[in-house]
Amino acid sequence: MRYLITDIDQKTVELSVSGGSWTAPEADRLVDLSGLVSVSGLADAHVHVSSDRPDFKPSDPDRIRERLFTEMEGGVFLCLDKGWSDDGVLEILGDPLDSRPALRAAGSIVAGIGGYDPGAVREVEPDALASQVRAHPRAGGWFKIIGDWPKRGQGAPPAFGVETLTDAVDAAHECGLRVAIHTMAPDTPSMAVQAGVDSIEHGLYLTDDDVRALGARGGAWVPTVRQVERVVEQIGPERTGGRVLAEGLERVRSLSSLATQAGVCVLAGSDFGTPQGRIGAEAVGLVEYGFTVEDAVKAVTGAAYDYVGEACGFEPGFPADVVAFAENPHDRVETLLDPVLVMRRGRVLLDRRSS
């Protein structure tokens, strides 16, 4: 089968499919998608594929597979799973790639003592954090730390100091792991950036200097604005925690242009704020918080693939993946919510084209 495809930059290419990959065009029946605008996949850079709610119950591999298939039906072909209460998601890494998105996963989340919901994480003393990193499974490629969490009468203090985080990051990099850190409070982001953490999750209180330092080393920031809005609503915007998070969202707005100018890899993540397969809603949210449409589209498409080294694009040898839209997302970012055609490794999962 040959495909005529117009990409988001208005370049039209012709390719064939063999063995789930693109090849040079060969004589065969032509599927003309040139009237649509296509990307080679969306990406969710902060997802928890074990559940759609933070219940942290033991992972069910079959349920994970169902949720990953839902992601694929929505055009999401890369998921960065940022941790759970166990390592269950790592079992899925052996599944064939035509049945799931490309997947990077942190497995069990680690926090300080009393630093998260009881039973949801592995709690460690600061002097044991680096050792926990070294013992962590390497298959998923990530290690996730809870950097701060509310404590009664204390706000949300940092769980670990700069030196402890630095040792953990060094240990992770020696093991071939990247480190992601949850931080929604004011004090932790600067410590995490100084320590060399790879990906700042939420990061509401990054400073201008943090952003410049993060960008200088090609670090990632996943603001998850829809999830933060959800938490504000749950807590109540009039309560102290809700006000802190709402102010943090305004901080995201103030950092949006600087982040991309500084070279930060801004990525789109659903967390629990966006249903599976609907990561386009986060791209819409990024625009609402000051990112350009072009930057928001990049955050939900090629940026994540480039960041983790996952092949994407309309070139021979790359996976035969297409997510096609009726309009160019650069013109209207909301179109990311409504793919017309979704094809994963040559298999059509969704086709809403008129017959």
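You'll find the structure just up there.
Overview of the structure. Predicted, not measured: the structure shown is a model, and the values here were computed from it. (Residues numbered from 1 in each chain as written. Predicted model: local features only at pLDDT ≥ 70, side-chain atom pairs only at ≥ 80, totals over all residues. Heavy atoms only, no water.)

### Topic: the pattern of salt bridges
Applied cut-off: Within this document, salt bridges are pairs made up of a side-chain nitrogen of Lys or Arg and a carboxyl oxygen of Asp or Glu, the two lying within 4 Å of each other. Runs of H or I in DSSP of at least four residues are treated as helices and runs of E of at least two as strands, each being numbered from the N terminus. Each residue is placed in one exposure class: buried if its accessible area under a 1.4 Å probe, protein chains only, is under 20% of its type's maximum, exposed if it is over 50%, and partly exposed if it falls in between.
Here the structure, examined in full by the defined rule, presents 16 salt bridges. Between Arg 2 and Glu 14 there is a salt bridge whose closest N-O contact spans 2.4 Å. Highlighted residues: Arg 2 in strand 1 (residues 2–7) and Glu 14 in strand 2 (residues 12–18), separated in sequence by 12 residues. Here Asp 351 ties to Arg 353 by a salt bridge, and the two come within 2.8 Å at their closest N and O atoms. Owing to a relative accessible area of 38%, Asp 351 belongs among the partly exposed residues under this scheme. Put simply, Asp 62, Arg 65 and Asp 95 are held in one network by salt bridges that share partners.

### Notes on the pairing of strand 15 (residues 322–325)
Selection criterion: When DSSP finds two or more bridges between two strands, those strands count as paired.
The alternating pattern of strand 15 places Val 322 and Ala 324 on one face and Val 323 and Phe 325 on the opposite face, and all of these are buried. The pairing of strand 4 (residues 30–39) with strand 15 spans 3 bridges and is classified as antiparallel. Opposite Val 37, over in strand 15, you have Phe 325 as the bridge partner. Here 3 bridges tie strand 15 to strand 16 (residues 341–344), and the two strands are oriented antiparallel to one another. What sits directly across from Ala 324, in strand 16, is Leu 341.

### A few points about the sheet that holds strand 3 (residues 21–23)
In plain terms, the rule: To obtain an axis, a line is fitted to C-alpha atoms, over the contacting stretch when the element is a helix, and the angle between two such axes runs from 0 to 180 degrees between their N-to-C directions. Pairs of residues are marked as contacts when any of their non-hydrogen atoms sit within 4.5 Å.
Strands sit in the order 3-2-1-4-15-16-17 across an open sheet of 7 strands; the sheet is mixed. Looking at the sheet topology across the chains shown, the edges are occupied by strand 3 and strand 17 (347–351). Sheet twist, expressed as the average angle between the axes of neighbouring strands with direction ignored, equals 35 degrees. Running at roughly 70 degrees to strand 17, helix 1 (residues 61–73) makes contact with strand 16 and strand 17 of the sheet.

### A few points about the side chain of Glu 71
Spelled out, the test is: Counted as positive: Lys and Arg. Counted as negative: Asp and Glu, with His and the chain ends omitted from the count.
Along the chain, Glu 71 falls in helix 1. Nearest to the buried, unbridged Glu 71 among oppositely charged side chains is Arg 67, at 6.3 Å. Filtering out sequence-adjacent residues up to four positions away, Glu 71 remains in contact with Asp 44, Val 47, Val 76, Cys 79, Pro 101, Gln 276 and Gly 277.

### As for the sheet that holds strand 6 (residues 76–81)
Here we have 3 strands laid out as an open sheet, ordered 5-6-7, and parallel in their pairing. Strand pairing shows two members of the sheet lacking a second neighbour, strand 5 (42–47) and strand 7 (102–105), which therefore form its edges. Taking the axes of each pair of neighbouring strands and ignoring which way they run, one obtains an average angle of 15 degrees across the sheet. Of the strand pairs in this sheet, strand 5 and strand 6 are connected by 4 bridges, and their pairing is parallel. Each residue of the ladder has a partner; that of Asp 44, found in strand 6, is Cys 79. The sheet strands contacting helix 1 are strand 5, strand 6 and strand 7, and the helix crosses strand 6 at an angle near 135 degrees.

### Regarding the nonpolar core
Looking at soluble globular proteins, one finds that nonpolar side chains tend to be buried together. The following threshold applies: Among buried residues, the Ala, Val, Leu, Ile, Met, Phe, Trp, Tyr and Cys ones that are joined through side-chain atoms within 4.5 Å form a nonpolar core.
Membership of the largest hydrophobic core comes to 94 residues, with the highest contact counts inside it found for Leu 129, Ile 200, Trp 221 and Leu 267. If you tally residues by element for this core, the top one is helix 7 (residues 240–261), at 6 residues. Every residue in contact with Leu 129, bar those within four places of it in the chain, is listed here: Val 110, Val 124, Phe 143, Ile 145, Phe 160, Thr 164, Leu 165 and Ala 168. Membership of the second largest hydrophobic core comes to 15 residues, among which are Leu 15, Trp 22, Leu 36 and Phe 314.

### Points about a negative patch on the surface
The test is simple: By definition, no residue in a patch forms a salt bridge, and every one has over 30% relative accessible area; like charges are joined within 9 Å, nonpolar side chains (Val, Leu, Ile, Met, Phe, Trp, Tyr) within 5 Å. Per-residue accessibility takes into account occlusion by the displayed protein chains alone, with areas from the Shrake-Rupley method and a 1.4 Å probe. Each charge is placed at NZ for Lys, CZ for Arg, CG for Asp and CD for Glu.
Where like charges cluster on the molecular surface, the negative patch consists of Glu 163, Asp 167, Asp 170 and Glu 174. In this fold, Glu 163 is placed in helix 3 (residues 162–174). A relative accessible area of 63% means that Glu 163 is categorised as exposed.

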